[in-house]
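Reading the structure
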Amino acid sequence: MRPPPHPAQSRSFTGIAIALVTRFEQSGQHEDLEEGISLHREALELRPAPHPLRSDSLNNIANALSTRFEQSGRHEDLEEAISLYREALGLRPAPHPLRSDSLGNIASALHTRSEQSGRHEDLEEAISLHREALELLPAPH
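Residues numbered from 1 in each chain as written. Predicted model: local features only at pLDDT ≥ 70, side-chain atom pairs only at ≥ 80, totals over all residues. Heavy atoms only, no water.

1. A closer look at the overall build of the protein
Quick reminder of the rule: Here a strand is any run of E in DSSP of at least two residues, a helix any run of H or I of at least four, and the numbering for each starts at the N terminus. Think of it in three bands: with a 1.4 Å probe and only protein chains considered, a residue is buried below 20% of the maximum accessible area for its type, exposed above 50%, and partly exposed in between. Between two residues, a contact is recorded if the distance between any of their heavy atoms is within 4.5 Å. Working definition of accessibility: Shrake-Rupley area with a 1.4 Å probe, residue cover restricted to the visible protein chains.
Secondary structure assignment for the protein yields 6 helices and 0 strands. Seen in sequence order, the protein has helices and strands lined up from the N terminus as α-α-α-α-α-α. For the protein, the proportion of its 141 residues judged to be buried stands at 39%. Restricting the contact set of the protein to residue pairs at least 6 apart, pairs at least 24 apart contribute 50%. Summed over its atoms, the accessible surface of the protein is roughly 8,600 Å², and 54% of this surface lies on carbon and sulfur atoms.

If you want it as structure tokens, here you go:
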């Protein structure tokens, strides 16, 4: 039986993962992206529902998978990213302050999928989600 993880372990995994993905974006070293995705997944395992940062971890993995999709074109990455973005959105009901961001993430991923596949329904849903995200933003003063 393993001892329970330190409470800050998920935060450490996330910090390293974000730095690795950033380094990948700067250097193109695929190993950094792969390790970043792996560490994001480990952080998620330490944030089971109803952990308050679970939605952040879901978005982090989805963002990294979207990056990998942009590089490799692996459709499985885009599909998983969309699924994770949807799960994160479910954890951010209105009036959650990051709901608009989650809507935009899903919309962008669906737009990308529509460009790849020609699926008209993805484009329609992307437009709808972007509009919903816009409605949640505060009015300018």
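2. Thoughts on the side chain of Asp-122
Relative to the helices and strands, Asp-122 resides in helix α6 (residues 120–136). By relative accessible area, Asp-122 is classed as buried at 2%. If sequence neighbours within four positions are ignored, Asp-122 has contacts with Leu-110, Arg-113, Ser-114 and Ser-117.

3. Examining the environment of Arg-23
To keep it simple, the criterion reads: The term polar contact refers here to a pair of N or O atoms within 3.5 Å; inside protein, the definition further demands a hydrogen-donor-capable atom paired with an acceptor-capable atom, and it admits residues adjacent in sequence only when both atoms are side-chain atoms.
Within the secondary structure, Arg-23 is located in helix α1 (residues 9–27). By relative accessible area, Arg-23 is classed as partly exposed at 46%. C-alpha of Arg-23 to C-alpha of Gly-36: the two residues are 13 residues apart in sequence and 9.7 Å apart in space. Those residues within four positions of Arg-23 in sequence are excluded, and the remaining contacts are Gly-28 and Asp-32. Within the local environment of Arg-23, its side chain forms a polar contact with the side chain of Asp-32, the two groups lying 2.8 Å apart.

4. Quick notes on the environment of Asp-32
Residue placement: Asp-32 occurs in helix α2 (residues 30–45). For the pair formed by Asp-32 and Ile-18, sequence separation is 14 residues and the distance between their alpha carbons is 9.9 Å. Once residues lying within four places of it in the same chain are set aside, the contact partners of Asp-32 are Leu-20, Arg-23, Phe-24 and Ser-27.

5. Some details on the pattern of salt bridges
Applicable threshold: Salt-bridge detection follows one rule: a side-chain nitrogen of Lys or Arg within 4 Å of a carboxyl oxygen of Asp or Glu.
Under the criterion given, the structure shown has 14 salt bridges. For Asp-32, the salt bridge is made with Arg-23, and the minimal N-O distance between the two is 2.8 Å. Among the salt bridges present, the one from Asp-77 reaches Arg-74, with a minimum N-O distance of 3.7 Å. What makes Asp-77 buried here is its relative accessible area of 1%. Of the residues examined, Arg-74 reaches a relative accessible area of 39% and is grouped as partly exposed. Through salt bridges with shared partners, a single network forms among Glu-34, Arg-68, Arg-74, Glu-76 and Asp-77.

6. Focus on the packing of helix α4 (residues 75–90) against helix α5 (residues 99–117)
So the rule is basically this: Orientation is described by lines fitted to C-alpha atoms, with helices fitted over the stretch in contact, and by angles between N-to-C directions that extend from 0 to 180 degrees. Angular relationships are summarised with four words: roughly parallel below 35 degrees, roughly antiparallel beyond 145, roughly perpendicular across 65 to 115, and oblique for the angles in between. Each helix crossing is assigned a hand: it is left-handed if the near helix lies turned anticlockwise from the far helix by less than a right angle, otherwise right-handed if that turn is clockwise. Amino acids are sorted into nonpolar (Ala, Val, Leu, Ile, Met, Phe, Trp, Tyr, Cys and Pro), charged (Asp, Glu, Lys and Arg) and polar (every other residue, Gly among them).
Contact pair α4 / α5: the axes reach a minimum separation of 9 Å and the direction vectors enclose 155 degrees. By the angle between their axes, α4 is roughly antiparallel relative to α5. Of the two elements, α4 crosses α5, and the hand of that crossing is left-handed. When α4 is examined against α5, the residues His-75, Leu-78, Glu-79, Ile-82, Tyr-85, Arg-86, Ala-88 and Leu-89 are found in contact with a partner set consisting of Arg-99, Ser-102, Leu-103, Asn-105, Ile-106, Ala-109, Leu-110, Thr-112, Arg-113 and Gln-116. Classifying every residue of the contact of α4 with α5 by side-chain character gives 9 nonpolar, 5 polar and 4 charged.

These figures capture arrangement, not role.
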